[in-house]
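Take a look at the letters that make up each chain.
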Amino acid sequence: MPTDLNPYGGVFGGWLMSQMALGAGALASREGEGKAVVVSATDFAFPGAMAVGDELSVYCSIAGTGQTSVTILAEGIARERHGEATRKVASGTFKFVLLDDEGRPRAVKSEGLRTR
């Protein structure tokens, strides 16, 4: 939407990051079987521009796990509004901590999460 544009008419990188965080968070919560909160976002790159009206798809994979954390790689792919051409517009790494019902960090299950 026009409110998500930078001063030069491109989609604002912060909006892209927020969409990627939502996708990564959904994966962290599903695989972690509960609440997961983002604690860091690193290694962001924006190799392509995204135009208003383009469709964004976010693809995520689990890169690794810690005692209470899950690291997820995210990639944003834009498809042009009136066609099939796609291009990578963003990538980055998110780290999430799994939380229990009281908001305290909880351990990743002993069998671990599926790295994909």
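Up top is the structure these notes are about.
Residues numbered from 1 in each chain as written. Predicted model: local features only at pLDDT ≥ 70, side-chain atom pairs only at ≥ 80, totals over all residues. Heavy atoms only, no water.

### As for the overall build of the protein chain
Consideration 1: The helix and strand inventory of the protein chain stands at 1 helix and 4 strands.
Consideration 2: Walking the protein chain from its N terminus toward its C terminus, one meets helices and strands in the order α-β-β-β-β.
Consideration 3: Overall, the protein chain is about 45 × 25 × 20 Å in size when its C-alpha atoms are taken along their principal axes.
Consideration 4: Burial status across the protein chain gives 31% buried among its 116 residues.
Consideration 5: Residue pairs at least 24 apart in sequence account for 65% of intrachain contacts in the protein chain once pairs closer than 6 positions are excluded.
Consideration 6: About 6,800 Å² of surface is accessible on the protein chain, with carbon and sulfur atoms providing 53% of the total. (Helix = DSSP H or I, 4+ residues; strand = E, 2+ residues; numbered from the N terminus. Buried < 20%, exposed > 50% of the residue type's maximum accessible area, 1.4 Å probe, protein only. Contact = heavy atoms within 4.5 Å. Areas by Shrake-Rupley, 256 points an atom, 1.4 Å probe, with all protein chains shown as cover.)

### Some remarks on the environment of Glu55
Consideration 1: Tracing the chain through its elements places Glu55 in strand β2 (residues 55-65).
Consideration 2: For Glu55, a relative accessible area of 38% corresponds to the partly exposed category.
Consideration 3: Between the C-alpha atom of Glu55 and that of Val89, which follows or precedes it by 34 residues, the distance is 11 Å.
Consideration 4: Not counting chain neighbours up to four residues away, the residues in contact with Glu55 comprise Met50, Ile77, Ala78 and Arg79.

### Considering the pairing of strand β4 (residues 86-98)
Residues in a regular strand point their side chains to alternate faces of the sheet.
Consideration 1: Pairing geometry for strand β1 (residues 36-45) and β4, over 7 bridges, is antiparallel. Bridge pairing links Ala36 to Leu98 in β4.
Consideration 2: By the bridge criterion, 11 bridges tie strand β3 (residues 69-79) to β4 in an arrangement that is antiparallel. Across the sheet, residue Leu73 finds its bridge partner in β4, namely Thr93. (Pairing = 2+ DSSP bridges.)

### So, the pairing of β2
Consideration 1: As judged from the 10 bridges shared by β2 and β3, these two strands associate in the antiparallel manner. By the bridge assignment for β3, Val58 is matched with Gly76.
Consideration 2: Two successive antiparallel strands, β2 and β3, enclose a turn made up of 3 residues.

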